[in-house]
Each structure stands twice: as structure tokens, then as C-alpha cells.
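Structural overview for review
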Amino acid sequence: MLIVIALGFSMAIMISVPSGIMANQAATTSLMESYDKTIGNMEEEINRTLTLIECRTTSGFGQFRPERPDRTEYFLNESAISDVLSIQGVKDVVPFLEYAVGTSRTETRMGMEFTIFVTDYTIVGVPLNSSLIDNYSILPTNIAEGRNLREGDREVVLLSSNNTNYFGAEAGDEVNIKGSVFTVIGVYESADTRLYMSIYDAQTITDLEGKISRLDVYAEDESDVDRIASIIASIYPLIYITTPTDRLSQLERMKQSYQFMLQNAESTFSQTQTTAFQELIIAIVATGLIVLFTMTYTVRERTKEIGILKAIGLSNGNVMVQFLLEGVLLSLMAGVVGVVIGSMGAPFLASLLLPHINLFGMGPGAFSQSVTVTPNLQIILLAFGAVVLLGALGSLYPAWRASRTRPAEAMRYE
Amino acid sequence: MSEILVKTEGLSKTYTMGKDRVQALSEVNLQVNKGEFISILGPSGSGKTTLLSILGCLDKPTSGRVIFDRMDVTELPEKELCKIRRNKIGFIFQTFNLLPYLSAIENVELPMEGTKKSRDERRKSAHELLSRVGLSGRERHRPNRLSAGEQQRVAIARALANNPTMVLADEPTGNLDKKTKYEIMTILARCTFSTAPKYGGLVVDQGTTVIMVTHDSDIASQTGKMLYLDDGKLKSHQS
């Protein structure tokens, strides 16, 4: 029984290791595709907005700004719109008010106190002016329920699909946002927590009348962008300005980082494959040796029986076939045990036997979380066939030795 | 005149163990006719089992030859010897040597594997043989559920499975009580043409030659002929 379990484990390794490699490869490919898509989308977006200058009162994470008494210092007055519009070469200015709603909690780590702000949702107030919402990417486009916001909408809100879980509401329902009741006009598909409403509604419910947190400035011509950006910077030295050139640089840095991680991942994957190959060889050799030693021991223990079989007329061939079949039967039983262990334990065995893939910042331990190792039927059948074949090969020598046993000597064996 | 079934001429066997040489048989000349029931008597270590092994084509002599059924079996290759063992010779051992993981009937069927008999024919023959040795109804029992006498009956049925011309019995009654010994001897005698007085009135139904080795002179005396083997030499001959 122990032999069958040992062989079963060998077979489980034969199932788990290739399954782990395949799962690793699939996860790597998926991540690469996802990253390629992200990079592609970003490139497309940058090319589409070559005249856009983003002006934020915070460093790009404004939507996560917590509520605090001195919040006024984080906002611009609406007068900034006309100021910027008056700059020569500016075509349009789109104001936003982004306001994070959540809870702050204080945690002590290593003797130091930290205040952590957990965002429940972020209010995004947008100008519902058809000349802006029709011409620029202001509102989400992937509407899953209801409709999008449009000119003249008041006291209505566009939730993300993620928000619907928080509010427990869907299109047509009413929700309470900072003490005011809004009708959910639509839901857009996203894991984001941003909800959209009229900028006037946003200013009212946040007590920030006349304030804005972001300006999207569109130049008449892309050649004017840098000039306009420098003028805005001189007028508002505290705001963060991002031009298409900045975004392209950022994209370039992302690409370089991606290339580095890709090379790292390929190197890790190559090492994983080498390790997997070595482990498979060890499992195969171990299986063959286990069968060989077991059957050699069996033949030795049953020497007298072999003598009896030969005395009553069984030929060398009969004896050899009998012991070969016993070896194959042993490996068949091990195969069944191996299928059970391999199918159930593949994720654990694979994570135990294979180095973790280190792609896109995933460290050790990320394997089991991000890669699902599920052995497929083809691998199971191949491993089963390999174990049975190894059982037959491992039994070959003991069976041959049994068949060559001299009956008179065997009969004397005790 | 009776036909000779097995004959040995100057049969010698020497075992070599390292530098030691043990002379197990020395110039044994023996002749056994078809249908005879003979016993070879001798003390332990006298070479009885070695002689039986050579007669049964399990071992080869160091010198001399064995003529069995008009063939010099000492010159035959293992493949041919295997056929002779399967088709013409049956073995019975003191310790029965039944395969413990097989039932009584499966043990009896075992020698029939490799013959031309179908599975049904093998099963039918095995049933008949077990019935002949008085074991009807015990076919499915494994050896560990049978008494010593019953196990030896199964062994006799197995030895007779392929209707052999010769049965070689190595101390077949050695592990049995007196009553069972007599029953086993009766079964063996019924296989032969033997007309030993103690079995008077028995129906001769096989015509098989039985050569039995024993150190029990009482048992040996119940056979048609007794031979004495001492220190590897056939000392005397008595009818």
C-alpha cells in the first residue's frame, strides 16, 4: 500500500508540475496581454488628447483627498476658468470638482501613528454642457443600466457598477449622498468608485460653491500646448500640470518598467521550466526505481513460488508475463491513487515544487493567488500512461530474472 | 513384459559450494516401468530429493543420463523440459506448496494454463479431479481453510491435472497423521497399476507411474517396489 501511495505521489508530481508550468504560462500570457492592452489604450488616449493640458490641485490623486477642515486650500475658484480661457490659443476649459468621501482611521505601526483614509466613493462634478460633454471625454461611455448624464440634469447621479454595491441601488433608485437625495440615472460598468453628477450639485452638497479641483484645458493647436502650460503654471504655481509630453514620458517609463519586468518574468519562467524538467526526470526515475526495487524484492520473496510454478509446468514466458502483469497492476493502482492526489493536490504541489513567477510586482506567494493550477485531462492521461509504462519497464528486469530462475534451486529457497 | 517409462544410467550429481563439493548422487542406475508405484527410501541427506528433481526434469545431472518416455531428457533445452513437466509429470510435495492466494480449484487449474484446454474445460477437469480426491464442495476454499490432509489432496489433484504419465511425490505423507497417510496412499495407489496387497480390490483407473521418496519404511512398504538410497548410492532393490 505504501508503495502504491509513493508511486501515486510520483504520478501526482508528473501531473502537478506540467500543470503548474501551463498555468504559469497562461497567467504570464494573460498579464502580458492585459499590459499590452493597457499600454495600447494609454497610447491611443494620449494621441487622442494631444491638445489636452490637465491642471489639478493635487498630484493626480485628488480624488482620494479626505475631508478636512482646511480643504479650501485644495481648490481653485471658478474664476480660474475665465482666466485660463483668456489665454491666447486656449480652445476650451472643462472644470471638475472631485471630492472623496470616506472614513479616516488612525493606526499605530512600529510605534508610529498613521491616519489612513479609506474612500467609500468619489464625487465627480462635471459641467453638463452639451458643447463640452459631446466634444470631450468627460463622462464614462460604457453605460450598463439606465442612461448617461446629459445637459440640464440636476439631482441625478451616474454610479459605477462598483458603487451600486456600496449604495445597494440600481438605475431608477434614490440614493443619499452627503445628506442629499439623488436619483440614479444610470450605471456604468467599472471597478472604479467614482460617481458623476452635475458640477453644481457637487458644489452644493460639498459646501464648495464656486470651487473646482481640476481643469482640463484644450489648446487650439498641439504646438501651443507647452506655451499655454507655462502660462498657467506662472499664474497658478501650486497646481499640478500635465501635458501630452508629460504623459508620453510617463508612458515611456511604464514601457521601460514593463520591459524590465517582462525580461525578469521570462528569466524566472525559464528557470521554472528548468526546475520543472529536473523534477519530472526525478519523478520518472523514482517511479521506475520504485517499481524495479519492489518487483525485485517480490521476485526474491517469491522464489519458491516461482519454483513451484515451473515445477507444475509454467514456462519462462508464463512466469515473465505473470510478474510483468503484477508490475503493471501495481502501477495501475498507483495511477488511480496518483490521479486522485494529482487532481486534488495539484495547486499545492505545483506551488511547492515550482519557483514563483515574479511578474508585475508579484512576489513569492503570489503564485497561488494569481495562478490557478488545474490539471487538464490530457496531462492526467499522459501521466497515467507514463506511470503504467514505467511500471512495465521497471518490472521487465525482475520479471526476466524470475523467468530465468532454475526450478530446482528455487524449490530449495527458504 | 512391462514397458520402461524412466531409466537412469550412471546418474551422478555434485553440488559445488565455493571450494566444497558435495556428492549428492553417485552412479545411480534405476529403471521404473509404466504404472508402477515405487518408493525410494532413505535417511535425510541421502539424495532422495535430488534424484526426484532430476527425474522430474527440474535439475540436470552432473554426469549420466535420464531416459524418460524414450527420450534422453538430460540433453533437452529448458523449453522442452518445461513442456515435459507440464504434460507428463506431476509433483507432490511434503509441504503441499499450494499457492495461498488461489482457491483449491484455481490451484488445480494452474498447470492446465498453457495447454489447449479452454477455460470451461479446465474448470470441468479441475472439478472432476477434486471430486476424485474427495474434495467436492471445497473447491472455493483457500488452502488456509483446508486441513493438512485436504491440502495434500488438492496437491494430488493438481499433480494429476494434465493426466501425467509420472507422478513424483516428495515425502507426501510427511506432515500427515496416520489415518490421513493411509488415505493419501490409497489415492496415489489408485493412480497406478499397483496391486499392492493393502489396496486389494481397488479399481485401477489411471496407469500413472508414481515414484515416492520417503524415510518412512512403513509407508514405503505399502508400495509395489522399494528402493534404498544411502549417501547418494542406490544400495538395494526389493519387490
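Everything that follows concerns the structure shown earlier in this document.
Residues numbered from 1 in each chain as written. Chains lettered and ligands numbered in written order. Predicted model: local features only at pLDDT ≥ 70, side-chain atom pairs only at ≥ 80, totals over all residues. Heavy atoms only, no water.

Quick look at the overall build of chain A
Of the regular secondary structure elements, chain A holds twelve helices and twelve strands. Counting only residues that meet the buried cut, chain A has 44% of its 414 residues in that class. (Helix = DSSP H or I, 4+ residues; strand = E, 2+ residues; numbered from the N terminus. Buried < 20%, exposed > 50% of the residue type's maximum accessible area, 1.4 Å probe, protein only.)

What to know about empty space enclosed by the protein
A probe as big as a water molecule, rolled over the atoms, marks out the empty space that is left. Residue and element names in this part refer to chain B. Applying the stated criterion to the full structure yields three cavities of 30 Å³ or more. Secondary-structure elements contributing two or more residues to the lining of the largest cavity are β6 (89–92) and α5 (148–159). Residue contributions to the lining of the largest cavity peak at three residues, all from β6. Of the residues in the lining of the largest cavity, the class split is eight nonpolar, two polar and two charged. Size it by volume and the second largest cavity reaches roughly 50 Å³. Residue lining of the second largest cavity: Ile54, Cys57, Asp59, Lys60, Pro61, Val66, Val73, Thr74 and Leu81, and that is the complete set. (1 Å grid on protein atoms, 1.4 Å probe; cavity = no way out; pocket = protein on both sides within 12 Å on 5 of 7 lines; lining within 4 Å. Points joined across faces, edges and corners; volume = space filled by probe spheres on them. Nonpolar A, V, L, I, M, F, W, Y, C, P; charged D, E, K, R; others polar.)

Topic: the side chain of Thr173(B)
Residue and element names in this part refer to chain B. Looking at the element boundaries, Thr173 is found in the loop between β7 (166–170) and α6 (178–189). You can call Thr173 buried: its relative accessible area is 2%. Thr173 has contacts with Lys181, Ile184, Met185 and Ile219, leaving out every residue within four places of it along the chain. (Contact = heavy atoms within 4.5 Å.)

A look at the layout of surface pockets
One number sums up the size of the largest pocket: a volume of about 1500 Å³. Forming the boundary of the largest pocket are 46 residues, of which Glu45(A), Glu54(A), Ser137(A), Arg194(A) and Arg214(A) lie nearest the centre. At the level of elements, α1 (2–48), β1 (52–56), β3 (90–109), β4 (112–126), β9 (194–198), β11 (214–219), β12 (240–242) and α7 (244–301) of chain A are the ones that each hand at least two residues to the lining of the largest pocket. The computed volume of the second largest pocket comes to approximately 660 Å³. Broken down by secondary-structure element, the contributors of at least two residues to the lining of the second largest pocket are α12 (407–412) of chain A together with α1 (48–55), β6 and β7 of chain B. In terms of residue count, α1(B) provides more of the lining of the second largest pocket than any other element does, five residues in total.

Things to note about the pattern of salt bridges
Where charged atoms from two side chains of opposite charge approach closely, those side chains can pair. All names here are of chain A. A full pass over the atoms with the stated rule returns 29 salt bridges over all chains. For Asp224, the salt bridge goes to Arg227, with nearest N and O atoms at 3.6 Å. With a relative accessible area of 21%, Asp224 lands in the partly exposed category. By relative accessible area, which is 33% here, Arg227 ends up partly exposed. Through salt bridges with shared partners, one network takes in Arg56, Glu98, Asp192, Arg194, Arg214 and Asp216. (Salt bridge = Lys/Arg side-chain N within 4 Å of Asp/Glu carboxyl O.)

Regarding unusual backbone geometry
Residues and elements named next belong to chain B. Here the phi dihedral of Phe96 falls at roughly 70°; this positive angle occurs in a residue that is not glycine. Tracing the sequence through the fold places Phe96 in the loop between β6 and α3 (104–109). The buried category is assigned to Phe96, whose relative accessible area is 8%. The phi torsion at Asn97 lies on the positive side, around 55°, for a residue other than glycine. Its place among the elements puts Asn97 in the loop between β6 and α3.

Focus on the interface of chain B and chain A
Taken together, the 16 residues of chain B in the interface contact 19 residues of chain A. Of the roughly 1500 Å² buried between chain B and chain A, counting both surfaces, carbon and sulfur atoms make up 61%. Summed over the shared surface of chain B and chain A, the number is zero salt bridges. For the pair chain B and chain A, the number of links is three residue pairs in polar contact (both at pLDDT 80 or more). No other element matches helix α2 (residues 78–88) of chain B, which puts four residues into the side of chain B that touches chain A. For the side of chain B that touches chain A, the class distribution of residues is nine nonpolar, two polar and five charged. (Buried area = accessible area lost by both parts, 1.4 Å probe. Polar contact = N/O pair within 3.5 Å; in protein donor to acceptor, adjacent residues only side chain to side chain.)

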